[in-house]
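# Architecture at a glance
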Amino acid sequence: MNLFTIPSPSSLWTTVRSGGAFHVACSFAALWAFVKVLRMLRWRVKTTQLLGPPRTSLLYGVSRDLAITQDSGAIYERWATEYGVVYMTPSVLGQTRVVLCDPRAIAHFYARETYVHTPLSLALLKASVGKGLLWAQGETHKRQRKALTPAFSNAAIRKLTSVFYDSAYKAKGKWDTVLESSKDGDAVIEVQNWMNHISLDTVGIAGFSHDFGSLDGKPASVTEVFDTFGSNQPSAANDIFILLASVFPIILKIPTERRNLFKKLSVTMGQISNELLIRSRREKDVNIGERGQENSVIGLLIKSEGQDTELHMSEEEVIAQMRVLLLAGYETTSVSLTWALIELSRHPDVQTRLREELLAFGPDPTYDQLKASLPYLDAVVHETLRLHPPVPESIRLAAADDVIPLSEPVRTMSGNMTDSISIAKGTLVTVSIAAINRSSTIWGPHAKEFKPDRWLTEDGIGGKAKEVQGHRHLLTFVDGPRTCLGKDFAIMEFKTVLSVLVKNFVFEMRDGPDTPVEVARGILPRPRVVGEDGTGVPLRIRRYE
């Protein structure tokens, strides 16, 4: 027997004529509610019902608590201790999220293309960087990634090491000038802004053979827009706006101040990318013939425009890749460098030991030496990446039903124990990168402390941490098919710049080693000394004699 009949177009038209628009609206509202109820019932049947924290807000669940806290990772970790390695959290307008804190479950999650961007993520990425590698999914993502991969090979990055050094030494020269004019031989320098400019100039030259000149103080529209994000902190109203947009992405079209900033960023990056692309097309023969640019980012993008290539990209896609590289190159490495300088200022013993290793080594290390011959530099870099991942969490949507295996059993809401969980299509799944990277269960009792030595001994990384898939058992670069393509580029730039700065300067917190540092927001979360405007991180710097 057919319990539910779908109205035909003719019957709907009859309803419109007889009952008017109000009745039609009511009919569609009832139909929408009915479909939502059916989906909810299916979700409850198909998804393992797990324990989890109670909602603190009828409207937002626990999402607002996570949005406004300084350390969402600590909250996720506390809930994992209380409810198990996988659990459920109430979210916006009755939604529920499944949170994974189990290494085996996380490896499964990242390895499967079953888990895709949420509608909110797609809308935000398309609006800011276009239909490039960050936005793309499925076969489109595979094609774009394959086209760009040669630009991030070991051979390609080896050739770029001199570019990293050039930017680092340019910043050193500017700081030397500041210190020469100081009576006391030291100066307070706002380092985050300098790290931003090192990163931007480096990605401009390395990716596009273009010098933005931001280290020289040259005004550039893209620099101004990037800097605006630091000085324009999102309001509480913006947090609520984004939470609601997770359910109704269409409201992102409302012209809020923050949205207008992202729109300006997108337009500006699009303009500069288009200008660089036009210039590079004109110089294509010279660049390839004389400078071996065929495996540079810009060279590969121009090559991919050819209609006869297997990995063809449209002009829209090419411009989007350039915007992605500009944004990622500027935002992530600069955040990591700033955190490294903060941690070294807080831990002068670590700073001294790192400097001693660098000075004992002698001249500037080559690419291969940076990779393999400076173990303490490597430890400092990876400890910074562990404690301070630039992107603190992953949120994806299950595009199909799935079963996720667990490394240890958990108790379900019904009281039963299970070593796997069922996930229904449409389920939101979250992995807190910050929680996993800093978990005491995974990394041991000193997980919250900055201890580079953990990377130097056999037992420094425990058994549970070794179960975490990803670069060096970290989720900082995520894992699976969407692992950060620029990972090796970012690590080599990080090591190069840090080696030059630490070898030549001594860093201290301006107000002492116990100076409180909080998390503010640029485009990504950024450190800020408490009480400073924007994303200010003033450090006291002097030359190392």
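As the structure is a prediction and not an experimental result, all values here were calculated from the model.

### Considering the packing of helix H14 (residues 315-346) against helix H17 (residues 375-387)
Viewed as axis vectors pointing N to C, H14 and H17 meet at an angle of 105°, and their least axial separation amounts to 10 Å. Taken together, H14 and H17 sit at an angle that is classed as roughly perpendicular. Here Ser336, Trp339, Ala340, Glu343 and Leu344 of H14 come into contact with H17, specifically with Val380, Thr384, Leu385 and Leu387. Tallied by class, residues from the contact of H14 with H17 come to 6 nonpolar, 2 polar and 1 charged.

### Looking at helix H10 (residues 236-245)
Within H10, the full set of buried residues consists of Asn238, Asp239, Phe241, Leu243 and Ala245. Check the buried side of H10 and you find it contacts helix H2 (63-68), helix H5 (119-128), helix H11 (257-282) and strand E10 (517-521).

### Re the environment of Leu539
Relative to the helices and strands, Leu539 resides in strand E12 (residues 538-543). For Leu539, a relative accessible area of 0% gives the class buried. Sequence separation of Leu539 and Ser345 is 194 residues, and the distance between their C-alpha atoms is 8.0 Å. Discounting residues that sit within four places of it in the chain, Leu539 has contacts with Ala187, Val188, Ile189, Val191, Leu341, Ser345, Phe507, Glu508, Met509 and Arg510.

### Brief notes about the packing of H17 against helix H21 (residues 487-504)
H21 packs onto H17 with a crossing angle of 120° between their chain directions and a minimal axis gap of 10 Å. Classified by the angle their axes make, H17 and H21 are oblique. Classified by chirality, the crossing of H21 by H17 is right-handed. Of H21, the residues touching H17 (which contributes Leu377, Asp378, Val380, Val381, His382, Thr384 and Leu385) are Ile491, Phe494, Lys495, Leu498 and Ser499. For the contact of H17 with H21, the class distribution of residues is 7 nonpolar, 3 polar and 2 charged.

### Describing the sheet that holds strand E8 (residues 428-432)
Strand order in the open sheet formed by 5 strands is E1-E2-E8-E5-E3, and the pairing between neighbours is mixed. Across the chains shown, the open sheet's two edge strands, defined by having one partner strand only, are strand E1 (86-90) and strand E3 (115-116). In terms of strand pairing, E3 meets strand E5 (residues 393-398) through 2 bridges, oriented antiparallel. Paired with Val116 across the bridge in E5 is Leu397.

### A few points about the nonpolar core
Within the largest apolar cluster, 137 residues are counted, with the highest numbers of intra-cluster contacts made by Leu100, Trp175, Phe226, Leu354, Ile421 and Leu498. Top contributing element to this core by residue count: H14, with 15 residues. Counting residues in each nonpolar core, the second largest holds 5 residues, with Leu120, Phe241, Ala245 and Ile251 among its members.

### Points about the packing of aromatic side chains
One pass over the full model with this rule turns up 12 aromatic pairs. For the pair Phe164 and Phe489, a centre-to-centre distance of 5.2 Å together with 85° between the ring planes defines the contact as edge-to-face. Taken as a pair, Phe164 in helix H7 (residues 154-180) and Phe489 in helix H21 lie far apart in primary sequence, 325 residues in all. Per residue, the accessibility class of Phe164 equals that of Phe489, and both read buried. Clustering of aromatic rings is evident, with ring pairs tying together Trp175, Trp194, Phe505 and Phe507. One Lys or Arg, Arg386, reaches over the ring of Trp443 and ends 5.4 Å from the middle of that ring.

### Some thoughts on unusual backbone geometry
Its identity is not glycine, yet Arg472 carries a phi of approximately 55°, on the positive side. Mapped onto the secondary structure, Arg472 falls in the loop between helix H20 (463-466) and H21. Given the relative accessible area of 31%, Arg472 is considered partly exposed. Despite not being glycine, Val478 shows a phi value in the positive range, around 50°. With respect to the helices and strands, the residue Val478 is situated in the loop between H20 and H21. According to the relative accessible area criterion, Val478 is buried, its value standing at 15%.

### Some remarks on the UniProt feature "binding site: heme" (unreviewed entry) in the chain
Per the UniProt record, the feature "binding site: heme" (unreviewed entry) sits at Cys484. Residue position: Cys484 is located in the loop between H20 and H21. Once residues lying within four places of it in the same chain are set aside, the contact partners of Cys484 are Arg145, Phe477 and Val478.

Parameters and conventions
Residues numbered from 1 in each chain as written. Predicted model: local features only at pLDDT ≥ 70, side-chain atom pairs only at ≥ 80, totals over all residues. Heavy atoms only, no water. Axes fitted to C-alpha atoms, helices over the stretch in contact; angles between N-to-C directions. Helix = DSSP H or I, 4+ residues; strand = E, 2+ residues; numbered from the N terminus. Parallel < 35°, antiparallel > 145°, perpendicular 65-115°, else oblique. Contact = heavy atoms within 4.5 Å. Nonpolar A, V, L, I, M, F, W, Y, C, P; charged D, E, K, R; others polar. Buried < 20%, exposed > 50% of the residue type's maximum accessible area, 1.4 Å probe, protein only. Left-handed = near helix turned anticlockwise from the far one by under 90°. Pairing = 2+ DSSP bridges. Core = buried A, V, L, I, M, F, W, Y, C linked by side-chain atoms within 4.5 Å. Phe/Tyr/Trp six-rings, centres within 6.5 Å; stacked < 30°, edge-to-face > 60°. Lys NZ or Arg CZ within 6 Å of the ring centre and 35° of its normal. UniProt positions renumbered as here; feature names shortened; annotations may be inferred.

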